[in-house]
Amino acid sequence: MPVSLPVTRPVAAPLSAAILAGLMTATEIEALITAGLPGAHVEVIDEVGDGNHWRAVIVTAAFAGKSLVERHQMVYGTLQGAMKDRIHALSIQAQTPEEQQRRS
């Protein structure tokens, strides 16, 4: 009786647990924030490397005259509901260009 050998195929790099779980990538988070706050400088960092804990640094003049709560609400508004099930934790650093310059 002939033995059939399995067909070998190239194996793609394993997907991260975050992608498999339907969580967002830094690129996706950054794109949503940038689309919702045009002209903002946005940097999204995976804090612990698990795709679950993010830090977003957003610098835009649109934050001028806004309280910290209002700034965070603006950022959450850009995420189109992703905080409900696709982003586990997001730390937000929201600054105006002037505030960023003073901290540098």
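Up top you'll find the structure we're talking about.
Please read all numbers here as calculations on a predicted model, not as lab measurements. (Residues numbered from 1 in each chain as written. Predicted model: local features only at pLDDT ≥ 70, side-chain atom pairs only at ≥ 80, totals over all residues. Heavy atoms only, no water.)

**Q** Can you explain the sheet that holds strand β1 (residues 41-46)? Please cite residues and give values.
**A** If you walk across this open sheet you meet the three strands as β1-β2-β3, and the pairing is mixed. What marks the edges here is a single partner per strand, and that holds for β1 and β3 (89-95). Direction aside, the axes of adjacent strands within the sheet are offset by 15 degrees on average. Pairing between β1 and strand β2 (residues 53-59): six bridges, direction antiparallel. If you follow Asp46 over to β2, its bridge partner there is Trp54. In the packing of helix α2 (residues 26-36) onto the sheet, contacts are made with β1 and β2, and the angle to β1 comes to roughly 155 degrees. The strands touched by helix α3 (residues 68-78) are β2 and β3; relative to β3, the strand with the most contacts, the crossing angle is about 120 degrees. (Pairing = 2+ DSSP bridges. Helix = DSSP H or I, 4+ residues; strand = E, 2+ residues; numbered from the N terminus. Axes fitted to C-alpha atoms, helices over the stretch in contact; angles between N-to-C directions. Contact = heavy atoms within 4.5 Å.)

**Q** Before we move on, can you summarise the pairing of β2 with the specific residues and values?
**A** Most of β2 sits inside the fold, with five of its seven residues counted as buried. Taken together, β1 and the strand that follows it, β2, pair antiparallel across an intervening segment of six residues, in which Gly49 is found at a positive phi of about 80 degrees. (Buried < 20%, exposed > 50% of the residue type's maximum accessible area, 1.4 Å probe, protein only.)

**Q** Describe the nonpolar core, listing the residues and the values that go with them.
**A** Residues Ile29, Ile33, Ile58, Leu79 and Ile87 are the most contacted members of the largest nonpolar core, which totals 19 residues. Of all the elements in the fold, those that place two or more residues in this core are α2, β1, β2 and β3. Not counting residues within four places of it along the chain, the set of residues in contact with Leu79 comprises Ile29, Leu32, Ile33, Ile87 and Leu90. (Core = buried A, V, L, I, M, F, W, Y, C linked by side-chain atoms within 4.5 Å.)

**Q** Lay out the environment of Asp46 with the relevant residues and their values.
**A** Within the element layout of this structure, Asp46 appears in strand β1. Given the relative accessible area of 26%, Asp46 is considered partly exposed. Taking C-alpha positions, Asp46 is 9.0 Å from Ala56, a pair spaced ten residues apart along the chain. Aside from chain neighbours lying at most four places away, what touches Asp46 is Gly51, His53 and Trp54. Of note is the side chain of Asp46, whose polar atom sits 3.4 Å from the backbone nitrogen of Asp50. (Polar contact = N/O pair within 3.5 Å; in protein donor to acceptor, adjacent residues only side chain to side chain.)

**Q** Kindly report on the pattern of salt bridges, identifying the contributing residues and their values.
**A** Counted according to the given criterion, the structure contains three salt bridges. Notably, a salt bridge pairs Glu47 with Arg55, separated by 3.0 Å at the nearest N-O pair. Its relative accessible area of 29% is what places Arg55 among the partly exposed residues. For Arg71, the salt bridge is made with Glu99, and the minimal N-O distance between the two is 2.7 Å. Pair noted here: Arg71 is in helix α3 and Glu99 is in helix α5 (residues 97-103), with a separation of 28 residues, a long-range link. (Salt bridge = Lys/Arg side-chain N within 4 Å of Asp/Glu carboxyl O.)

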